[in-house]
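The primary structure of each chain is shown beneath.
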Amino acid sequence: HVRHLSNLLVNRRLSDISALSNFDMSNVSSIIAMFAFCHSLRNVDALSSWETKNIVSVSQMFEECNNLRDLSGLSGWDTSSIETMNRMFKSCRNIV
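Notes on the structure follow. (Residues numbered from 1 in each chain as written. Predicted model: local features only at pLDDT ≥ 70, side-chain atom pairs only at ≥ 80, totals over all residues. Heavy atoms only, no water.)

1. Structural notes on the overall build of the chain
Looking only at helices and strands, the chain features 0 helices and 0 strands. Computed over C-alpha atoms, the radius of gyration of the chain comes to 12 Å, within 12% of the 12 Å expected from 2.2 N^0.38 for 96 residues, which places it in the range of a compact globule. Residues counted as buried form 38% of the 96 residues belonging to the chain. When contacts within the chain are restricted to residue pairs at least 6 apart in sequence, those whose partners lie at least 24 apart make up 85%. About 5,300 Å² of surface is accessible on the chain, with carbon and sulfur atoms providing 46% of the total. Taking the 9 positively charged and 9 negatively charged side chains of the chain as two groups, their mean positions are separated by 9 Å. (Helix = DSSP H or I, 4+ residues; strand = E, 2+ residues; numbered from the N terminus. Rg over C-alpha atoms; globule rule 2.2 N^0.38 Å. Buried < 20%, exposed > 50% of the residue type's maximum accessible area, 1.4 Å probe, protein only. Contact = heavy atoms within 4.5 Å. Areas by Shrake-Rupley, 256 points an atom, 1.4 Å probe, with all protein chains shown as cover. Lys, Arg positive; Asp, Glu negative; His and termini not counted. Charge placed at Lys NZ, Arg CZ, Asp CG, Glu CD.)

Structure below.
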């Protein structure tokens with residue numbers, strides 16, 4: 001099982017992440033900077049179905065995603081195990 005997805009998609013030109021909606025996240029503990037510097041990313045709806053109860057670190061996950069606007073896809077996440085989330089949304093100026 002994959003436990004760390006840190007830096008997996010960093011600095012990509014992603015605008016559509018719908019293909020990630022079926023990722024098995026049940027054993028993942030770290031998603032540090034997973035989408036950092038993905039400047040074209042606008043929403044994270046595809047992540048709404050992720051099982052996040054074992055994730056411990058989300059630091060820098062969306063850092064510099066300066067076109068990110070909608071975070072509603074994260075509203076159902078179980079964040080009870082998260083210990084570090086520094087700079088998770090650093091320089092995300094367009095979030096509403």
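Don't stop here, the text continues.
2. A closer look at unusual backbone geometry
One non-glycine residue, Glu 64, adopts positive backbone phi at about 65°. Overall, the relative accessible area of 18% leaves Glu 64 in the buried class. Although it is not a glycine, Arg 87 adopts a positive phi angle of roughly 55°.

Worth remembering: the numbers are spatial, not functional.
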